[in-house]
Each structure stands twice: as structure tokens, then as C-alpha cells.
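Fold and contact review
Okay, here's what each chain looks like letter by letter:
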Amino acid sequence: MKILALDPSGNFFEGKGTTGWALYSEGKPKSVGQIRAVEYKSQVDYWLEHLKLIDLLQPELIVIEEFKLYAHTASAQIGSSFETTQLIGILKYECDQKQIPLVLQSATIKKRYTNEILLHKGIITIDSRKTYYVVGIPVTGHILDAIRHAEFYINFTSKKETNYEL
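Bear in mind the structure is a predicted one, so any value in this text is a computation, not a measurement.

Moving on, we get to the sheet that holds strand β7 (residues 132-134). Spatially, β6-β7-β8 is the arrangement adopted by the three strands of the open sheet, whose pairing is antiparallel. Only two strands of the sheet have a single neighbouring strand rather than two, namely β6 (125-126) and β8 (137-138). In terms of strand pairing, β7 meets β8 through two bridges, oriented antiparallel. Across the sheet, tyrosine 133 pairs through a bridge with proline 138, a residue of β8.

Among the five residues that make up strand β4 (residues 61-65), five are buried, leaving the element largely enclosed by the rest of the structure. Where burial is concerned, the two faces of β4 agree: the one with Leu61, Val63 and Glu65 and the one with Ile62 and Ile64 are both buried. Bridge analysis of strand β1 (residues 2-7) against β4 gives four bridges, and the strand direction is parallel. When the bridges of β4 are listed, leucine 6 appears paired with isoleucine 64.

The next subject is the environment of alanine 150. The residue alanine 150 is located in helix α5 (residues 141-155) in this model. Overall, alanine 150 belongs to the buried group, its relative accessible area being 0%. In this structure, the C-alpha to C-alpha distance between alanine 150 and alanine 22, residues 128 residues apart in sequence, is 7.4 Å. Excluding residues that lie within four positions of it along the chain, alanine 150 makes contacts with Ala5 and Tyr24.

Turning to the environment of asparagine 155, a few remarks are in order. Position of asparagine 155 among the secondary structure elements: in helix α5. Judged by its relative accessible area of 25%, asparagine 155 is partly exposed. Spatially, the C-alpha atoms of asparagine 155 and glycine 27 are 8.9 Å apart, while their sequence positions differ by 128 residues. Setting aside chain neighbours within four positions, we find asparagine 155 in contact with Tyr113 and Lys121.

Moving on, we come to the side chain of threonine 19. Along the chain, the position of threonine 19 falls in strand β2 (residues 18-25). Threonine 19 gets classed as buried once you look at its relative accessible area, which sits at 0%. In this structure the side chain of threonine 19 is engaged in a polar contact, spanning 2.8 Å, whose partner is the side chain of histidine 50. If we skip the residues at most four places from it in the chain, threonine 19 touches Leu6, Asp7, Pro8, Ser9, Gly33, Gln34, Ile35, Tyr46, His50 and Leu87.

The next subject is the packing of helix α1 (residues 43-57) against helix α3 (residues 83-98). Contact geometry of α1 with α3 gives a least axis separation of 11 Å together with a crossing angle of 35 degrees. Considering the relative orientation of α1 and α3, their crossing is right-handed. Mapping the contact onto sequence places Gln43, Trp47, His50, Leu51, Ile54 and Asp55 in α1 and Glu83, Gln86, Leu87, Ile90, Leu91, Glu94 and Lys98 in α3. Of the residues in the contact of α1 with α3, the class split is six nonpolar, three polar and four charged.

All right, on to unusual backbone geometry then. Its identity as a non-glycine residue notwithstanding, glutamine 58 has a phi of 50 degrees, on the positive side. You can see glutamine 58 is positioned in the loop between α1 and β4. On the accessibility criterion, glutamine 58 (57% relative accessible area) is exposed. For valine 135, which is not glycine, the phi dihedral falls at a positive 45 degrees. Structurally, valine 135 can be placed in the loop between β7 and β8. Taking relative accessible area as the criterion, valine 135 reaches 44% and is therefore assigned partly exposed.

Scoring rules and cut-offs
Residue numbers restart at each chain and count upward from 1, following the sequence in its written direction. The model is predicted, so local features are restricted to residues of pLDDT at least 70 and side-chain atom pairs to those at 80 or more, both for listing and for counting; the totals for chains, interfaces and linings are taken over all residues. In computing side-chain values, all of the structure's heavy atoms are included and hydrogens and water are not. At least two DSSP bridges between two strands are required for those strands to pair. Each helix corresponds to a stretch of at least 4 residues labelled H or I by DSSP, and each strand to a stretch of at least 2 residues labelled E; elements are numbered beginning at the N terminus. Only protein chains enter the area calculation, which uses a 1.4 Å probe; residues under 20% of their type maximum are buried, those over 50% are exposed, and those in between are partly exposed. Residue contacts follow a heavy-atom distance rule, with two residues in contact if any of their heavy atoms lie within 4.5 Å. In protein, a polar contact requires one atom able to donate a hydrogen and another able to accept it; more generally it is a pair of N or O atoms within 3.5 Å, and residues adjacent in sequence count only if both atoms are side-chain atoms. Comment: axis = line fitted to C-alpha atoms, over the contacting stretch for helices; angle = value between 0 and 180 degrees taken between N-to-C directions. Handedness of each helix crossing follows the sense of rotation of the near helix against the far helix: counterclockwise by less than a right angle gives left-handed, clockwise gives right-handed. Gly is placed with the polar residues, together with every amino acid not listed as nonpolar (Ala, Val, Leu, Ile, Met, Phe, Trp, Tyr, Cys and Pro) or charged (Asp, Glu, Lys and Arg).

Put into C-alpha cells, the structure is as follows:
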């Protein structure tokens, strides 16, 4: 099964966000990358790049980090347009239209897969400069977070009966 895991940031106006992604096949990472808002002329162009990625990779399932507003971070969001939640809505709609099962996962699951665990499992490697790699590609924290979501889904969620949200 081809699984696309996304650590989304919809932020275009609020900080030029970066979405990390990881494509898994047969339970292993096959390709990784990121979509950086700073590389696009408009918010819509940035968001459309996410849909182009789905068309290009043709995943059979998509795992996305969900957005939740917690009391301890709420004051930092005063005045926010919640761009990431808007992007997640677009991705949910796209999954519905293309009939791709979608799983939303809490951001807290990332704590389960530290870099040390990912190194031990052979998912990532590290060089002498302390740069992490996946399938030979240097990775950022956003990509690592997408990998964490894929690993959690494969090792925990998929082993249970899953309610797919379409």
C-alpha cells in the first residue's frame, strides 16, 4: 500500500510555512520532500502544490497531522487566520473527491518516534555533520515529522480497526 504522510503547514501569510511529506510503500519510506510557502507567489499556488503532490504520487491512503488548539497555546493564536486548518480542509475535500482514505493523527504521536528510535530502526541515517537522511535525501524537521506520522500509522493505527474519514 502506498501511504502519503503529511506534516502540513498552511501558513503563507503567517510565517511562510513548510509542509513535510513522506511516501511509504510496503511499510518503508520510498520518497520524501517538502513544500515551502516561500517558493510560491500566492497562498492558493502554495496550497495547490499539495494537491499536485497527491496527483503525482497517487497514494492509496493519506495520513495527516491534525490541528488542535490547546489552551496553553491559544493566546499565541489570537488574530490568526488558522491557515493550516484551511489547508487541512482542502486536503480532506481532495481525499473525498478522489476517494482516498484519510487518517488524521494527533501531533502528540510524534513523541513516540524520536530520532534515536528512527536511527535504530534504520529509517534514517546520520552523517558526521549530524545531518539526517532518508533514502539518501537530507531531511528537515518537517520531513522527519511526516516520517513519524507514517511510522505511527504503520506500526500502531493500521494494526487496529481504523475508521477512515472521507
